Amino acid sequence: MMAVSTFVVLLMCTWMVHARYGHLQWSNCGSDPRVSVQAIDVTPMPVVMPGDIHLTVQGRFDFNFTGADLHLSIKRHTFLFDLPVPCLYNVGSCTYEMSCTGASLLETMVKENWAGISRGVAQQLLTMMSTMTDLKSSQCPVPPGSVDLQAYTLHLPAVPSFLSFIAQGDYSLNVRAKDKSTGRTLLCLDFPNISLHKK
């Protein structure tokens with residue numbers, strides 16, 4: 001649940017991603033030992049918007065999940081320094097609440113249709129999650145489980161014109177999930193070289 005929710009929001013920030021080196025680069029930056037991420041991949045690279053991508057995610061969490069705050073920090077590289085990208089319409093450097101009670105993050109994305117783009121992607125991800133045995137549980141807390149997603153096809157929308165000012169450039173992305181009750185870091189991933197471009 002936590003792993004897929006994390007990658008759902010990550011997708012919302014990478015729906016127009018083009019990795020400069022031909023593949024998505026990432027590294028673990030201090031995840032809890034009970035969270036293991038073996039693979040993250042998005043193909044093709046570069047991603048063309050609108051268009052289809054193939055998402056691969058492999059990982060496991062070995063604890064009962066009740067809730068976390070997911071923090072995204074996106075910075076645009078310039079020739080002088082890195083500029084933080086603000087949170088606009090729930091897209092950008094935002095914090096999202098993930099919980100096993102109430103509406104899920106995906107259900108919220110469908111209902112609120114962030115920036116006019118989240119509904120379609122979230123509906124596809126809800127369909128994807130319904131096929132994954134460990135993520136079907138409606139238990140709270142969510143018991144330990146794994147994610148093994150191989151080249152799942154998602155159709156991504158066009159970049160809305162009001163976000164075009166952040167739809168091109170070189171960026172870095174940090175994803176951090178912290179346990180709501182303890183503040184302990186559960187997941188930390190760095191994506192150091194992401195290039196965005198408009199179609």
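Overview of the structure.

The rules behind these values
Residues numbered from 1 in each chain as written. Predicted model: local features only at pLDDT ≥ 70, side-chain atom pairs only at ≥ 80, totals over all residues. Heavy atoms only, no water. Helix = DSSP H or I, 4+ residues; strand = E, 2+ residues; numbered from the N terminus. Buried < 20%, exposed > 50% of the residue type's maximum accessible area, 1.4 Å probe, protein only. Contact = heavy atoms within 4.5 Å. Areas by Shrake-Rupley, 256 points an atom, 1.4 Å probe, with all protein chains shown as cover. Arc of directions from axis to C-beta. Phe/Tyr/Trp six-rings, centres within 6.5 Å; stacked < 30°, edge-to-face > 60°. Lys NZ or Arg CZ within 6 Å of the ring centre and 35° of its normal.

## Quick word on the overall build of the chain
Phase 1 of the analysis: Scanning the chain from N- to C-terminus turns up three helices and 10 strands.
Phase 2 of the analysis: When the helices and strands of the chain are read in sequence order from the N terminus, they spell out α-β-β-β-β-β-β-β-α-α-β-β-β.
Phase 3 of the analysis: Across the 199 residues that make up the chain, the buried fraction comes to 47%.
Phase 4 of the analysis: Of the contacts formed within the chain by residues at least 6 apart in sequence, a portion of 72% connects residues at least 24 apart.
Phase 5 of the analysis: Accessible surface computed for the chain: about 9,100 Å², of which carbon and sulfur atoms make up 52%.

## Concerning helix α2 (residues 105-112)
An α-helix turns once every 3.6 residues. As a result, residues three or four positions apart point the same way.
Phase 1 of the analysis: Within α2 the residues assigned to the buried category are Leu-105, Leu-106, Met-109 and Val-110. Viewed along the axis of α2, the buried residues span an arc of 140°, placing them on a single side of the element.
Phase 2 of the analysis: Of the residues trailing α2, Asn-113 is marked for its positive phi of about 45°.

## Here's the deal with the packing of aromatic side chains
Phase 1 of the analysis: Scanning the entire structure with this criterion turns up two aromatic pairs.
Phase 2 of the analysis: Seen in terms of ring centroids, Phe-61 and Phe-63 are 5.9 Å apart; in terms of plane orientation they differ by 65°. Their pairing is edge-to-face. For the residue pair Phe-61 and Phe-63, the accessibility class agrees, reading buried in each case.
Phase 3 of the analysis: Between Tyr-96 and Trp-114, the ring centres sit 5.3 Å apart and the planes meet at 25°, which makes this aromatic pair stacked. Of this pair, Tyr-96 sits in strand β7 (residues 95-99) while Trp-114 is found in the loop between α2 and α3 (118-129), placing the two residues 18 residues apart along the sequence.
Phase 4 of the analysis: Residue classification places Tyr-96 among the buried positions, given a relative accessible area of 3%.
Phase 5 of the analysis: The ring of Phe-63 carries the charged tip of Arg-34 above its face, separated from the ring centre by 4.7 Å.

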